[in-house]
Amino acid sequence: MYHYQPSIRNGFPRVGESLIKVNGEGELAVQPDSASVNLGVITEGKELITAQQQNSQVTTKVINALVSQGVSKNQIQTFDYRIESDYDYEQGKQIFRGFKITHILQVKIDDLSKIGKIVDTAVQNGVNYVSNVQFKVKNKAAYYQQALKLALDNAIQKAETIAGSLNVTLIQTPSLVVEVGATVQPFSYQPEIMVKSMTTTQIEPGQIIVRANILAEFHYT
């Protein structure tokens, strides 16, 4: 997207000089270097205290198993904890079935080669819900700076193309550059229920897309 117009000073076009406005786009594909995954322990029972105790025991077992795989305890935190009442409905009547306890841990992982093993270990030790696997980059700012440079180069190339089509001389240093927006598109693994009979889980990190957009104005003569 672009347009050009005469440059205005004091209400009149500046003699011999006009303006080109362009959008510049920069995109960088980056290998992720960290990940996070939500691991849940869901237990059900008619007695609330008993269900809570069972959930706590399994959750503790899962945490200990993750630590044995090299996950630091400060990389494990509670993401969600819920106590819900479950009901059945028969002939329009609500019948109490029991309580459901949900404890979801968010686990941060630095060694991506271990993520499948970590998920498997958690499932083998009592986790029955896995969701929201996300791959990330730690130094997003540095990659965004690179994407920003690509966006500026893209804007200059567009302005040169337009100037060449108009047979005019472009002043390559932009008179104005506005940062329009940035996006970092993480790679996500869709939420899913995991079962204990699973074999080794293969989870691929893919790539993360870092984008930068600018608006630039160039003069030409």
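Residues numbered from 1 in each chain as written. Predicted model: local features only at pLDDT ≥ 70, side-chain atom pairs only at ≥ 80, totals over all residues. Heavy atoms only, no water.

With that out of the way, let us pick up the packing of aromatic side chains. This model, assessed by the stated rule, comprises two aromatic pairs. Considering the side-chain rings of Y87 and F96, the 5.7 Å spacing of their centres and the 70° angle between planes classify their relative orientation as edge-to-face. For F96, a relative accessible area of 35% gives the class partly exposed. Ring geometry for F96 versus F99: centroids 5.1 Å apart, planes at 70°, classification edge-to-face. An aromatic cluster of three or more residues is present, and its members are Y87, F96 and F99. (Phe/Tyr/Trp six-rings, centres within 6.5 Å; stacked < 30°, edge-to-face > 60°. Buried < 20%, exposed > 50% of the residue type's maximum accessible area, 1.4 Å probe, protein only.)

Looking now at the nonpolar core. Membership of the largest hydrophobic core comes to 23 residues, with the highest contact counts inside it found for L39, V62, L66, V107 and V127. Among the elements of the structure, β3 (34-45), α1 (48-68), β5 (93-109), α2 (115-124) and β6 (129-136) are those that each provide at least two residues to this core. Once you skip the residues sitting within four places of it in the chain, V127 turns out to touch L39, G40, V41, V62 and A122. In terms of nonpolar packing, the next biggest core, distinct from the first, is built from 21 residues, A155, I162, F218 and Y220 among them. (Core = buried A, V, L, I, M, F, W, Y, C linked by side-chain atoms within 4.5 Å. Helix = DSSP H or I, 4+ residues; strand = E, 2+ residues; numbered from the N terminus. Contact = heavy atoms within 4.5 Å.)

Let's shift gears to the pattern of salt bridges. What the rule picks out here adds up to seven salt bridges. Two residues, E84 and R82, come together in a salt bridge whose shortest N-O distance is 3.8 Å. Each of D80, R82 and E84 takes part in salt bridges that share partners, so that together they form one network. (Salt bridge = Lys/Arg side-chain N within 4 Å of Asp/Glu carboxyl O.)

Taken together, the side chains of Y87, Y89 and F96 define a hydrophobic patch exposed on the protein surface, amounting to about 330 Å² of accessible area. Note on placement: Y89 falls in strand β4 (residues 76-90). We classify Y89 as exposed; its relative accessible area is 57%. (Patch = residues over 30% accessible without salt bridge, like charges linked within 9 Å, V, L, I, M, F, W, Y side chains within 5 Å. Areas by Shrake-Rupley, 256 points an atom, 1.4 Å probe, with all protein chains shown as cover.)

Its location among the elements puts V178 in strand β7 (residues 176-185). Taking the C-alpha atoms as reference points, V178 and N23, 155 residues apart in sequence, are found 9.5 Å from one another. Excluding residues within four positions of it along the chain, V178 makes contact with N213, I214 and L215.

Moving on to α2. The element α2 is largely enclosed, with a buried count of eight among its 10 residues. When α2 is considered as a whole, its buried residues turn out to be I115, G116, I118, V119, D120, T121, A122 and V123. Next to the buried residues of α2 lie β3, α1, β5 and β6. Positive phi shows up at G126, right after α2, with a value of about 125°.

This part covers the pairing of β3. With nine of 12 residues buried, β3 lies mostly within the body of the structure. Both β3 and β5 contribute to a ladder of 11 bridges, which runs antiparallel. Each bridged residue has a counterpart across the sheet, and for I42 the counterpart in β5 is T102. (Pairing = 2+ DSSP bridges.)

Our next topic: helix α3 (residues 140-166). Helix length check: α3 (27 residues) gives 39 Å between terminal C-alpha atoms against 39 Å at 1.5 Å per residue, within 8%. Within α3 the residues assigned to the buried category are Y144, A147, A151, A155, I156, A159, I162 and A163. Two residues or fewer past α3, N167 is found with a positive phi of approximately 55°. (Expected span 1.5 Å × (residues − 1).)

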